[in-house]
Amino acid sequence: MLGDLASLVSGGVPTAFQSVLAAMAAAVTIFGGGLTLGKLLGGSSLKARAREAEEKLDAENERATALEDRFAEIQDVLDGAVNIWLRPTKHDVGQYIKRLNNSIPILTVANFKGGVGKTTVSANLAAYFELHLNKRVLLIDFDYQGSLTEILLAASKLDNVEASAKRLIQGEDTPEMAFAKAYSLRPELPKSQFFPCFYGFNKVENQVLLRWLTQPNAPEIRFNTHKYLSDPIVQKNFDVVIIDAAPRLMTATINAACASTHVLIPTMLDGLCTNATINTLGVFHELKTELNPALDIVGVLPTFVAQSKNLTSNETAALNQLRQLIPSYWKKAPFPEIISDAWICRKAAISRVAGNGLAFSTDNDVRDMFIALGDKISARIFPNEDRPTPDAGIGYAASVTPIASARRRG
Ligand SMILES: Nc1ncnc2c1ncn2[C@@H]1O[C@H](COP(=O)(O)OP(=O)(O)OP(=O)(O)O)[C@@H](O)[C@H]1O
Ligand SMILES: [Mg+2]
């Protein structure tokens, strides 16, 4: 029948008859074989519509497959079969390592154990870098508790600030837009700036993670902070970055690990902290292996130590236990060092100023302690620089400057 219709159409039948045929053709379209008939009728628009429909179907199929893949991945996470944070990346890792190897030092201070002194160390090391070494420091608060933010707000006398650290994990701003929301630490640290953080940060961390997990073809989120910190706006305007990480592995901590050149792990010397610290080291080992091979563990830093010269017997036992356990969590040498010649003591002066400023600026003992630690760390992160003379800092007379032997970052 189709053949007959075709010959009638091509034979130049009258217009009225043609419209009857067209109606029949439409009917045939509904009951099958319509595309062929459309072709026979010279219906190029039908052909185009068919192609369009096919393309739409392909796109929908692709979307459905991507969604299925996403849900399979989520199921794996729910089943505990994979650690979502260690998923392989499609990032160009070669380019990324190159950028980090040429980067200014970016130091994350982390431990999944809470209350071991991460924030105190971050703030006072920043003071050391600017006031003793004359460096421009960028400080990032990546913990929604906002403890670092409180210390720095007190130091800078700022009050009405945006919790702009969230911009560094959202990844939506240009670097210029994000850095318009970095705050000066004048008058205490006039060359330094910081990104504050408050409780809303928690919501942003969840949003960023959930979008990444659930949206098909969602862009990589683990390198959002790296995008900003590797930009010339940071690399040219600062000498060192310090990120105060939260005691948990979430969007911000993973971004910090992927953006950093170095990690420092403060810990108290007791049984509870030893286990948490070993676990933290294990996770950073995996992150280094899977995502950021340029990451260097500066060391495990004892904090809240009772005395400056000697360890108590309990502290010595915990330190030895740490030493013994590290090789089983850190698969091959060189193993992370325990910083046993520049530890941080428990000091009343630190608790006294907590939340009200920087102990480095108000107490000589605290300052000397952080100069000893800072010199040790800067030998590692600025391996090609000469150490400053003891009075190179501004506004105080430094008294302790042990110089550790410089080690190049691999
Ligand atoms: N060396 C120290 N001597 C005395 N007090 C200290 C010392 N270091 C930190 N503290 C105090 O202990 C508390 C916890 O310190 P801090 O906030 O630095 O720990 P944290 O590891 O950042 O905690 P979190 O895991 O909650 O972020 C604070 O009140 C701080 O002032
Ligand atoms: Mg903290």
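Shown above is the structure to which this text applies.
Summary of the structure given here.

## Comments concerning the overall build of the chain
What the chain contains, in helices and strands, is 18 helices and 7 strands. Sequence separation of 24 or more characterises 80% of the internal contacts of the chain that already satisfy a separation of 6 or more. A total accessible area of about 19,500 Å² is found for the chain, and carbon and sulfur atoms account for 53% of it.

## Some words on the nonpolar core
Counting residues in each nonpolar core, the largest one holds 112 residues, and the members touching the most others are Phe129, Phe142, Phe179 and Leu373. Discounting residues that sit within four places of it in the chain, Phe129 has contacts with Asn134, Lys135, Val137, Val240, Ile242, Ile377, Ser378, Ile381 and Phe382.

## Observations concerning the layout of surface pockets
Quantified by volume, the largest pocket comes out at close to 560 Å³. If you list the elements that add at least two residues to the lining of the largest pocket, you get helix H6 (118-132), helix H7 (147-156), strand S5 (240-245) and helix H16 (348-353). The greatest single-element share of the lining of the largest pocket, amounting to 6 residues, is contributed by H6. Tallied by class, residues from the lining of the largest pocket come to 15 nonpolar, 12 polar and 5 charged.

## Structural notes on the packing of aromatic side chains
The tally for this structure, following the rule as stated, stands at 10 aromatic pairs. Measuring from centroid to centroid gives 5.9 Å for Trp85 and Trp212, while their planes differ by 15°, and the two rings are stacked. Linking Trp85 in the loop between helix H4 (44-78) and helix H5 (93-101) with Trp212 in helix H10 (residues 201-214), this pair joins segments that are 127 residues apart in sequence. The pair formed by Trp85 and Trp212 is uniform in burial state, with each residue classed as buried. A network of ring pairs unites the aromatic residues Tyr128, Phe129 and Phe382 as a single cluster. Directly above the ring of Trp212 sits Arg87, whose terminal nitrogen or CZ lies 4.4 Å from the centroid. Across the ring face of Phe382, the terminal group of Lys135 is positioned such that the distance to the ring centre comes to 4.2 Å.

## Looking at helix H18 (residues 364-381)
The terminal C-alpha atoms of H18, which comprises 18 residues, lie 25 Å apart, in line with the 26 Å expected from a rise of 1.5 Å per residue. Within H18, 16 of the 18 residues are buried, leaving the element largely enclosed by the surrounding structure. Between a side-chain oxygen at the N-terminus of H18 and the backbone nitrogen of Asp365 the separation is 3.0 Å; the capping residue is Asp363.

## Observations regarding the site of ligand 1
Looking at ligand 1, there are 18 residues lining it, with Lys118, Thr119, Thr120, Cys345 and Lys347 nearest. Thr120 places a polar side-chain atom, nitrogen or oxygen, 2.6 Å from an oxygen atom of ligand 1. Between a nitrogen atom of ligand 1 and a main-chain N or O atom of Cys345, the distance comes to 2.8 Å. Look at ligand 1: alone it shows 620 Å² of surface, and the protein chains cover 80% of it. Most atoms of ligand 1, that is more than half of them, are within 2 Å of grid points of the largest pocket. Counting residues per element, the ones that place at least two in the shell around ligand 1 are H6 and H16. With 3 residues, the single largest contributor to the shell around ligand 1 is H6. A class-by-class count of the residues in the shell around ligand 1 yields 7 nonpolar, 7 polar and 4 charged.

## Let's talk about the sheet that holds strand S1 (residues 106-109)
The 7 strands are arranged S3-S4-S2-S5-S1-S6-S7 in an open sheet whose pairing can be described as mixed. At either end of the open sheet lies a strand with only one pairing partner, and these are strand S3 (183-185) and strand S7 (296-303). Neighbour to neighbour, the strand axes of the sheet diverge by 25° on average, direction disregarded. In the packing of helix H14 (residues 271-290) onto the sheet, the strands contacted are strand S6 (262-268) and S7, and the crossing angle to S6 comes to about 165°.

## A few points about the packing of H6 against H7
Running from N to C, H6 and H7 cross one another at 35°; their axes reach a closest spacing of 9 Å. Seen from above, H6 lies across H7 with right-handed handedness. Across the interface between the two elements, Thr119, Ser122 and Ala123 of H6 pack against Ser147, Leu148 and Ile151 of H7.

## Brief notes about the side chain of Arg367
The residue Arg367 is located in helix H18 in this model. Asp368 provides the closest opposite charge to the buried, unpaired Arg367, separated from it by 5.8 Å. A polar contact of 2.7 Å, which involves the side chain of Arg367, links it to the side chain of Asn364.

## With respect to unusual backbone geometry
For the peptide bond that leads from Arg186 to Pro187, omega is 5°, which places it in the cis range. Across the junction of Ala333 and Pro334, the peptide omega takes the value 0°, indicating a cis bond. Take Pro334: it is sitting in the loop between helix H15 (313-329) and H16. Its identity is not glycine, yet Asn134 carries a phi of approximately 65°, on the positive side.

## Focus: H15
Between its first and last C-alpha atoms H15 spans 25 Å; for 17 residues at 1.5 Å apiece the expected length is 24 Å, and the two agree. Residues of H15 that are buried: Glu315, Ala318, Leu319, Leu322 and Ile326. Packed against the buried residues of H15 are S6, H14 and S7.

## A word on the environment of Tyr144
Of note, Tyr144 is situated in the loop between strand S2 (137-142) and H7. With 54 residues separating them along the chain, Tyr144 and Phe198 place their C-alpha atoms 4.7 Å apart. With near-sequence residues (within four places) excluded, Tyr144 lies in contact with Cys197, Phe198, Tyr199, Phe201, Asn202, Glu205 and Arg248.

Procedures and definitions
- Residues numbered from 1 in each chain as written.
- Chains lettered and ligands numbered in written order.
- Predicted model: local features only at pLDDT ≥ 70, side-chain atom pairs only at ≥ 80, totals over all residues.
- Heavy atoms only, no water.
- Helix = DSSP H or I, 4+ residues; strand = E, 2+ residues; numbered from the N terminus.
- Contact = heavy atoms within 4.5 Å.
- Areas by Shrake-Rupley, 256 points an atom, 1.4 Å probe, with all protein chains shown as cover.
- Core = buried A, V, L, I, M, F, W, Y, C linked by side-chain atoms within 4.5 Å.
- Buried < 20%, exposed > 50% of the residue type's maximum accessible area, 1.4 Å probe, protein only.
- 1 Å grid on protein atoms, 1.4 Å probe; cavity = no way out; pocket = protein on both sides within 12 Å on 5 of 7 lines; lining within 4 Å.
- Points joined across faces, edges and corners; volume = space filled by probe spheres on them.
- Nonpolar A, V, L, I, M, F, W, Y, C, P; charged D, E, K, R; others polar.
- Phe/Tyr/Trp six-rings, centres within 6.5 Å; stacked < 30°, edge-to-face > 60°.
- Lys NZ or Arg CZ within 6 Å of the ring centre and 35° of its normal.
- Expected span 1.5 Å × (residues − 1).
- Polar contact = N/O pair within 3.5 Å; in protein donor to acceptor, adjacent residues only side chain to side chain.
- Near = heavy atom within 4 Å.
- Sits in = over half its atoms within 2 Å of the grid points.
- Pairing = 2+ DSSP bridges.
- Axes fitted to C-alpha atoms, helices over the stretch in contact; angles between N-to-C directions.
- Left-handed = near helix turned anticlockwise from the far one by under 90°.
- Lys, Arg positive; Asp, Glu negative; His and termini not counted.
- Salt bridge = Lys/Arg side-chain N within 4 Å of Asp/Glu carboxyl O.

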